[in-house]
Amino acid sequence: MTKAAVRPLSLDHITVVDATPSQLATLAGETGCAGMCLFLHPMAVLPAMPDFALIGDTPERRATRDAMRTGGVTLDLVYPFTLAGRTDVAAFEPALETAAWLGGRLANVLCYDREPARRVEKLGVLAELAGRYSIALAVEFYPPSQVRSLHEALALVEAAGRGDIGVTLDLLHLYRAGEMPGALPLLADPRIRIAQISDGPLAVAADRLEWEAGNERQLPGDGVFDIAGFVAALAPDCPVSVEVPRQSALDAGRSMLDRARRAVEATRAVLGEAEHG
């Protein structure tokens, strides 16, 4: 039996949205993922996410680091850092401290501020704060936000003028922004700091964009996205995260391990990286 070279993968929290941080770390290790992408606190828009206390010196924070060490799992990305017009950037500091304590080095940023100049300014202020903890930023473009496309995200990074601000590249958002396949030549840009994989149909209704993104994506191989081409276009050292929320599987009683394993194995199969005997 031979084994193809395996690109390291990261397990995203919304793939197993009902997991606590320590459970996510354990699941990442059990599915052979090298890293994980973690929500630092629960969010109302993700009602299946359990209540947990990770920020500060808490038992869950210690349990999460222990599980990461046991499984050899790194913290590749932390959420949520959302910038709106009235956001108090200083309020993010406790979350950044916890991220750094867990070894995190990249924070995901969504931008909803409608004022372009203030958007750039607040992003810079957040970068300064995160930099105190050796954490860089990655702007996630998202069609319902004020940074709707890869082109807009790269323009924002250029306007910020800082080397510690890059882009989170979600394949789903790339399709929903209408940028595939035209964006493929841009994907090796070193400002792209992490990529996220799922599958889906070519289009969905505009009023289903947020539901699809947060609740029900397709397993790699079940839709029409060019996942292999997407990953091949990335820089070789760009981390790749498996981000496949499937509320239908959760409602059907599928276990966290089953959902995580299916998502990871489907990703590796599409990439041609599964074992063959």
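Just so we're clear, the structure is a prediction, and the values are computed from it rather than from any experiment.

Draft legend 1. Layout of the layout of surface pockets. Reported here for the largest pocket is a volume of approximately 510 Å³. Split into classes, the residues belonging to the lining of the largest pocket amount to 12 nonpolar, 5 polar and 5 charged.

Draft legend 2. Here's a closer look at the environment of R114. Its location among the elements puts R114 in the loop between β4 (106-111) and α4 (116-131). Judged by relative accessible area, which is 68%, R114 ranks as exposed. Residues R114 and R259, 145 residues apart in the sequence, show an inter-C-alpha distance of 37 Å.

Draft legend 3. Structural view of the packing of aromatic side chains. As enumerated under the stated definition, the model contains 3 aromatic pairs in all. The side chain of R61 reaches across the aromatic face of W101, ending 4.2 Å from its centre. Over the face of the ring belonging to W211 we find R208, whose NZ or CZ atom lies 3.9 Å from the ring centre.

Draft legend 4. Main features of the packing of helix α1 (residues 21-30) against helix α10 (residues 256-270). One way to put it is that α1 packs onto α10 with a least axis distance of 10 Å and a crossing angle of 50°. Here α1 is positioned oblique relative to α10, judged by the angle of their axes. α1 and α10 meet at a crossing whose hand is right-handed. From α1, Q23, L27 and E30 reach across to α10, where they touch M256, L257 and R261. Partitioning the contact of α1 with α10 into residue classes produces 3 nonpolar, 1 polar and 2 charged.

Draft legend 5. The nonpolar core, seen in detail. Core analysis: the biggest nonpolar cluster contains 91 residues, and F81, L150 and F230 have the highest contact counts within it. When sequence neighbours within four positions are dropped, the list of residues in contact with L150 reads F141, V167, L169, L174, E179, A183, L186, L187 and I192.

Draft legend 6. Geometry of the state of the cysteines. Enumeration according to the criterion identifies 0 disulfides in this entry. No disulfide involves C238; its nearest neighbouring cysteine sulfur is the one of C37, lying 11 Å away. Judged by its relative accessible area of 6%, C238 is buried.

Draft legend 7. Structural detail: the pattern of salt bridges. One pass over the structure, following the stated rule, counts 13 salt bridges. A salt bridge links D164 to R162; its shortest N-O distance comes to 2.9 Å. For D164, a relative accessible area of 22% gives the class partly exposed. Under the relative-accessibility criterion, R162 is labelled partly exposed at 22%. Salt-bridge contacts for D258 lead to R262; the nearest nitrogen and oxygen are separated by 3.0 Å. With D258 and R262 both in helix α10, this residue pair falls 4 residues apart, about one helical turn. Classification of D258 by relative accessible area gives partly exposed; the value is 22%. Judged by relative accessible area, R262 falls into the partly exposed class, the value being 34%. One salt-bridge network, in which partners are shared between bridges, spans E128, R162 and D164.

How each quantity is defined
- Think of each chain on its own: its residues are numbered from 1, step by step along the sequence as written.
- Note on the predicted model: pLDDT of at least 70 is required for a residue's local features to be given, and 80 or more for side-chain atom pairs to be given and counted; whole-chain, interface and lining totals, by contrast, use all residues.
- Hydrogens and water molecules were not included; the side-chain quantities draw on all heavy atoms of the structure.
- Points on a 1 Å grid, built from protein atoms alone, make a cavity when a 1.4 Å probe fits but cannot get out and make a pocket when they are open with protein on both sides within 12 Å along at least 5 of 7 lines; residues with an atom within 4 Å of a point are the lining residues.
- Grid points are joined across faces, edges and corners, and a volume is the space filled by probe spheres set on the points.
- Each residue is assigned to one of three groups, with Ala, Val, Leu, Ile, Met, Phe, Trp, Tyr, Cys and Pro labelled nonpolar, Asp, Glu, Lys and Arg labelled charged, and all others, Gly among them, labelled polar.
- By the criteria applied, helices consist of DSSP H or I runs no shorter than four residues and strands consist of E runs no shorter than two, each listed in order from the N terminus.
- We call a residue buried when its accessible area falls under 20% of the maximum for its residue type, exposed when it is over 50%, and partly exposed in between, using a 1.4 Å probe and counting protein chains only.
- Working definition: rings of Phe, Tyr and Trp (its six-membered ring) pair if their centres are within 6.5 Å, and the pair is stacked with planes under 30 degrees apart, edge-to-face with planes over 60 apart, and tilted otherwise.
- Our definition puts a charge over a ring when NZ of Lys or CZ of Arg is within 6 Å of the ring centre and also within 35 degrees of the ring normal.
- Orientation is described by axes fitted as lines to C-alpha atoms, over the contacting stretch for helices, and by angles from 0 to 180 degrees between their N-to-C directions.
- Roughly parallel covers angles under 35 degrees, roughly antiparallel covers those over 145, roughly perpendicular covers 65 to 115, and oblique covers all other angles.
- Crossings are classed by handedness, with left-handed meaning an anticlockwise turn of the near helix from the far one by less than a right angle and right-handed meaning a clockwise turn.
- Pairs of residues are marked as contacts when any of their non-hydrogen atoms sit within 4.5 Å.
- Residues grouped as a nonpolar core are buried Ala, Val, Leu, Ile, Met, Phe, Trp, Tyr and Cys residues, joined through side-chain atoms within 4.5 Å.
- Two cysteine sulfurs form what is called a disulfide whenever their separation falls within 2.5 Å.
- When a carboxyl oxygen of Asp or Glu lies within 4 Å of a side-chain nitrogen of Lys or Arg, that pair is called a salt bridge.

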